Amino acid sequence: MINHPERKAEPVPAGNRPLKMKLAAGKYFWCSCGRSTNAPWCNGLHKNTGIRPFRFVIEQECEVFICQCKKTSNPPFCDESHLK
Ligand code: FES
């Protein structure tokens, strides 16, 4: 889980299993609040939660497992925290 000192709300799970995705090279903003209706990507619904999206860069196309439970300690990737 990502700690934010100004957090006003807790993340909510967007799912209980990771999403297997093929990502092209580029910049991404992972929804860390779990409120996005465009999961797993941020769409601004974190407003007033004190939670911010997690920005990351993919250097070359690859297949990844994206965290949906929002408990990962390796955002945005699944670390199997959903199993605990
Ligand atoms: S909508 Fe969840 S972090 Fe932006």
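None of these values were measured; they are calculated from a predicted model.

Q: I tried to follow the overall build of the protein on my own but got confused; where do I start?
A: Each helix and strand counted, the protein has zero helices and four strands in total. Ordered by position from the N terminus, the helices and strands of the protein form the series β-β-β-β. Rg of the C-alpha trace for the protein: 12 Å, near the compact-globule value of 12 Å for 84 residues, within the 12% margin. Expressed along its principal axes, the backbone C-alpha trace of the protein runs to roughly 35 × 30 × 20 Å. The 84 residues of the protein split such that 36% are buried.

Q: I tried to follow the environment of Cys31 on my own but got confused; where do I start?
A: In this fold, Cys31 is placed in the loop between strand 2 (26-30) and strand 3 (54-58). Along the backbone, Cys31 and Cys42 are eleven residues apart, and their C-alpha atoms lie at a distance of 4.2 Å. With sequence-adjacent residues up to four places away left out, Cys31 is seen in contact with Ser36, Pro40, Trp41, Cys42 and Lys70.

Q: Looking at this structure, I do not really get unusual backbone geometry. What am I missing?
A: In most cases, non-glycine residues show a negative phi, while peptide bonds are predominantly trans. In this structure, Pro40 follows Ala39 across a cis peptide bond, with omega equal to 10 degrees. A cis amide bond links Pro75 to the next residue, Pro76, at an omega of 5 degrees. A positive phi angle is found at Asn48, which is not glycine, with a value near 70 degrees. Within the secondary structure, Asn48 is located in the loop between strand 2 and strand 3.

Criteria and cut-off values
- Residues numbered from 1 in each chain as written.
- Predicted model: local features only at pLDDT ≥ 70, side-chain atom pairs only at ≥ 80, totals over all residues.
- Heavy atoms only, no water.
- Helix = DSSP H or I, 4+ residues; strand = E, 2+ residues; numbered from the N terminus.
- Rg over C-alpha atoms; globule rule 2.2 N^0.38 Å.
- Buried < 20%, exposed > 50% of the residue type's maximum accessible area, 1.4 Å probe, protein only.
- Contact = heavy atoms within 4.5 Å.

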